[in-house]
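Read off the chains here:
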Amino acid sequence: MSFNSDASSPSTSAAATTRDWIFPSYSFIHSPQNVHRTARRRRFSSYRHPTSQFNSAAASFQQRAAGDDSKSVSSSISKSRRRHFEFGNYEKSTRLLDDGLDGGGGEGIMSNDDAVSSEKYELKEAKVTATEKSFSGFLRGRLRVRCQLAFTVAILITVLSSLIHKNFSLHKEVTELQDKISKLNVSLKLCNLLDSIDIHNSSPEDIPVDELPSKSLKIAALAVSIMLLSLPFFFLKYVDYVSNSRRLLDNNTEEVSLNKQLAYRVDVFLSVTPYAKPLALLVATLLLICLGGLALYGVTDDSLADSLWLSWTYVADSGNHANSEGIGPRLVSVSISFGGMLIFAMMLGLVSDAISEKFDSLRKGRSEVVERNHTLILGWSDKLGSLLNQLAIANESLGGGTVVVMAERDKEEMELDIAKMEFDFRGTSVICRSGSPLILADLKKVSVSKARAIIVLAEDGNADQSDARALRTVLSLTGVKEGLRGHIVVELSDLDNEVLVKLVGGELVETVVAHDVIGRLMIQCARQPGLAQIWEDILGFENCEFYIKRWSQLDGMQFEDVLISFPEAIPCGVKVASRGGKIILNPEDSYVLQEGDEVLVIAEDDDTYSPSDLPMVKDATFVYITRPARKPQKILLCGWRRDIDDMIVVLDAFLADGSELWMFNEVPEKERERKLTDGGLDIDRLVNIKLVNREGNAVIRRHLESLPLESFDSILILADESVEDSAIQADSRSLATLLLIRDIQAKRLPYREALVSQVHRGSFSQGSWIGEMQQASDKSVIISEILDPRTKNLLSMSKISDYVLSNELVSMALAMVAEDRQINDVLEELFAEEGNELHIRGADLYLHEGEELSFYEILLRARQRREIVIGYRLADTEKAVINPSAKNERRKWSLKDVFVVIAEKE
């Protein structure tokens, strides 16, 4: 490129792209060397530019650059080479210019100043050369970075432009396709319109022969569907007409009309047939689909199969008819959709009713119980809570069990009452079912044939009615075809009905007569105060109870050695195999266990004891102390029970000769004797007691004050027959009688004798009202029959009565017999008038004051009296210890201590 006027105006093609590097830099233009050269150029007119060479180089550069631009814009390598070439031409042109200036000066005039200036020029030229080299390196680096950036930008622009172009192309194609579709739709509608016009204008000869049968078939299908739809209407009208005609012909007859007969038949069909409603719904759905399909086949051009499918879609989804076109198809589709809505409404109702009925069945306890080895309780009474508690304690060692309760009550009410019971079930599940034990179907519902024990509870109310229902329940149980796996425990209210129940049930039945058990316990506790707590410990599963098990390693061992063979249990008897499994309580020491014999023990649980080696026990020295002879007693019975005659017989057997039995109740004396005679009591045959009758109300103070209350040895307060149906009323009456008697006794005690009493009674002072009644309780024993367990706390806190909790004790006995039916024989002997019973003995019968003995040594000393010691109560404690641990440990005893023994009745 030249520096003339032509070159100073850059061209539009090459100059725009080479503007950054064609002109020299700012330092180069203003350098002194450049100014000097310019001055010399202007001074000498004979100077001649080498324009031809420079212009030819520039022209060749422009041609080359134009060729490179047309071939490849994106080549960074060719671009860098081109720029280097042009800058090289610029350097050459600059040097030629300087050489021309110097040469022109040498040819004209040579002076001395020129020689000096030539040296300076050489130095300046060297500096310019170095500057040009550094500028050339910097310029090359910047050109390389810019070339790479330009290449990347060019690629991105190319890709973006191609995508935009593709998008616009696709959009254009979519628009063209939509235009084509709209044009085709218009053409199709025109064709359909022209075809319909041609059909109407054409003659029958123009219609193809193949279309005539299909058209007539569609018309026939439409007619058949209309006829079938109208047929039920005409049928109902005909039935109504026939009924009215018969009524008009014969007005005197009471014949049922035909429409009522048909309605009755339909009602019976729907009621008797199990799946009548779903079957009717299925038939209605199929009829609707078939009739709708025929109607659609008649009004549309579809085939019969397509019409039936379309009819089903209208039935299944009522919104599908919105796409129908034409008056005929729309009317048919709307009708089918309306019928489909009715069908699905009925189906929803049936499903809802079925689900509700199932949940209602579960809620009311109608579902079947699928259990094995469970305990089944039939009936509901106040004893159920205590019974469930005892069964839960018994099943605790097994990790819990299952108890099924069936009664004629609502399932939700039973579950709510059980949830209110304040005790821990210890892993036992309680399942409630509603039903009657007199119905075999209800018994099968609770898996009665697979139960290991069945407990029949006595109903609250009349004793005879309750026992009669229990008898019918036993009959139902014996009638189970599958047989019973377990035994039946029946609670009875009257002892006279026990024989009849055992006669019906046979060997499957074990009976517990509640009133008889309570009566005998009250008599025993009246004779031996404190025995009620002993019975609670033995009958309940919370402490120690009776267990029977066979131990083959004890065969051939005498019973006196068996007594000290169990460190965690106390043997009480033997079940003799040679006598048909009879249980002998307190056998002789010389009895030798035979093969098959089982040992009866008192232990904490059935898996907590086992025999061990015989311990070393010191021989016990026999201490013979003659027991004083029995003295006559004076006993008062407050209240009247239906089995009081049985209690009188038991008292006559237990009491000494010359005893008196005072009877104080509201029953008149004449009627009282009649009732005793009707109960089977012969007053003349009483040997040891004398009956004294007094009439009065036990809750009226002036009636009680007429009795010598301070002279009685024992007072038994019975749950009166008039209020025994209500446990709360009976307990309230018994508690009121107890408080009145104690208050009257306290008032009649001598003042000096009251001051002498030194018995410690907790925090109550000796001068307080309860303290006075406690002092009175030391002079006589009062036994109260308590039915409601909640009354227990009141009596135990005041300690003014040796109470008997009847419901709880009976529940304990039922649970124990349910777990092992053999225990019932043991309880019957302990409650009977003959045989063995529980006694509370003084320590003076077995030891001296302060003597140091082990429990085994005391046990052997008691064996010399033919007694079995099962526990003791120390003088400074209020609760007895049954089956003590560390039986071989020696300790000091006091004569104030007492021992609990099993001994023969005196």
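Residues numbered from 1 in each chain as written. Predicted model: local features only at pLDDT ≥ 70, side-chain atom pairs only at ≥ 80, totals over all residues. Heavy atoms only, no water.

Per an unreviewed UniProt entry, the protein chain goes by Ion channel CASTOR isoform X2 and derives from Sesamum indicum. In the Subcellular location (unreviewed entry) part of its UniProt record, the protein chain is described as follows: "Membrane". Reading the Sequence similarities (unreviewed entry) entry of the UniProt record for the protein chain gives the comment "Belongs to the castor/pollux (TC 1.A.1.23) family." (UniProt positions renumbered as here; feature names shortened; annotations may be inferred.)

Draft legend 1. Up close: the overall build of the protein chain. For the protein chain, the count of helices and strands is 30 helices and 22 strands. Expressed as a percentage of its 906 residues, the buried residues of the protein chain come to 42%. At a minimum sequence separation of 6, the contacts of the protein chain that also span at least 24 residues come to 76%. Accessible surface for the protein chain amounts to roughly 50,600 Å². Of this, 57% is attributable to carbon and sulfur atoms. (Helix = DSSP H or I, 4+ residues; strand = E, 2+ residues; numbered from the N terminus. Buried < 20%, exposed > 50% of the residue type's maximum accessible area, 1.4 Å probe, protein only. Contact = heavy atoms within 4.5 Å. Areas by Shrake-Rupley, 256 points an atom, 1.4 Å probe, with all protein chains shown as cover.)

Draft legend 2. The arrangement of a nonpolar patch on the surface in detail. Taken together, V266, F269, L270, L279, L282, V283, L286 and L287 make up a surface patch of nonpolar side chains, about 700 Å² in accessible area. Sorting the residues of the nonpolar patch by element identifies helix 9 (258-272) and helix 10 (276-299) as the ones contributing at least two each. Considering each element in turn, the nonpolar patch owes the most residues, five residues, to helix 10. As for its position among the elements, L282 is in helix 10. (Patch = residues over 30% accessible without salt bridge, like charges linked within 9 Å, V, L, I, M, F, W, Y side chains within 5 Å. Salt bridge = Lys/Arg side-chain N within 4 Å of Asp/Glu carboxyl O.)

Draft legend 3. Representation of the packing of helix 18 (residues 514-527) against helix 21 (residues 644-654) in the model. Put simply, helix 18 and helix 21 touch, their axes get as near as 10 Å, and they point 35 degrees apart. Helix 18 and helix 21 meet at a crossing whose hand is right-handed. On helix 21, the residues touching G519, R520, I523 and R527 of helix 18 are M647, V650, L651 and F654. The residue inventory of the contact of helix 18 with helix 21, partitioned by class, reads five nonpolar, one polar and two charged. (Axes fitted to C-alpha atoms, helices over the stretch in contact; angles between N-to-C directions. Left-handed = near helix turned anticlockwise from the far one by under 90°. Nonpolar A, V, L, I, M, F, W, Y, C, P; charged D, E, K, R; others polar.)

Draft legend 4. Representation of the nonpolar core within the structure. The biggest cluster of nonpolar side chains holds 123 residues, and the ones touching the most others in it are I377, F546, I870 and F899. Here I377 is in contact with L384, L387, L388, L391, V403, V404, V405, M406, I455 and L457, once residues within four sequence places are set aside. Ranked by size, the runner-up nonpolar core spans 23 residues in total, among them L376, L378, V474 and L492. (Core = buried A, V, L, I, M, F, W, Y, C linked by side-chain atoms within 4.5 Å.)

Draft legend 5. The arrangement of the sheet that holds strand 8 (residues 569-576) in detail. An order of 7-10-8-9 is seen for the four strands of this open sheet, with the pairing classed as antiparallel. The outermost strands of the open sheet, each flanked by one partner alone, are strand 7 (545-549) and strand 9 (582-585). The sheet shows a mean angle of 30 degrees between the axes of neighbouring strands, direction not considered. Note: strand 7 against strand 10 (residues 598-603), five bridges, orientation antiparallel. Residue I548 lies in a different strand from strand 10, and its bridge partner there is L600. Running at roughly 45 degrees to strand 9, helix 29 (residues 823-831) makes contact with strand 7, strand 9 and strand 10 of the sheet. (Pairing = 2+ DSSP bridges.)

Draft legend 6. Up close: the environment of P668. Here P668 is to be found in the loop between strand 12 (659-665) and helix 22 (669-678). Spatially, the C-alpha atoms of P668 and E695 are 6.5 Å apart, while their sequence positions differ by 27 residues.

Draft legend 7. Structural detail: unusual backbone geometry. One non-glycine residue, S447, adopts positive backbone phi at about 55 degrees. Structurally, S447 can be placed in the loop between helix 15 (440-445) and strand 4 (453-456). With a phi angle near 50 degrees, N586 is a residue other than glycine that sits in the positive phi range. Judged by its relative accessible area of 1%, N586 falls in the buried class.

Draft legend 8. Just the sheet that holds strand 1 (residues 375-378), in detail. Here six strands make up an open sheet; going across it, the order is 3-2-1-4-5-6 and the pairing parallel. Strands at the two margins of the open sheet, each flanked by one partner only, are strand 3 (429-434) and strand 6 (509-513). Geometrically, the sheet is characterised by an average inter-axis angle of 20 degrees between neighbouring strands, direction not taken into account. With four bridges connecting them, strand 1 and strand 2 (residues 402-407) associate as parallel partners. Counted as the bridge partner of L376 is V404 from strand 2. Of the strands in this sheet, strand 1, strand 2, strand 3 and strand 4 touch helix 13 (residues 384-394), which is tilted by about 175 degrees from strand 1. Relative to strand 5 (residues 487-492), helix 16 (residues 463-478) is tilted by about 170 degrees, and along the sheet it contacts strand 1, strand 4, strand 5 and strand 6.

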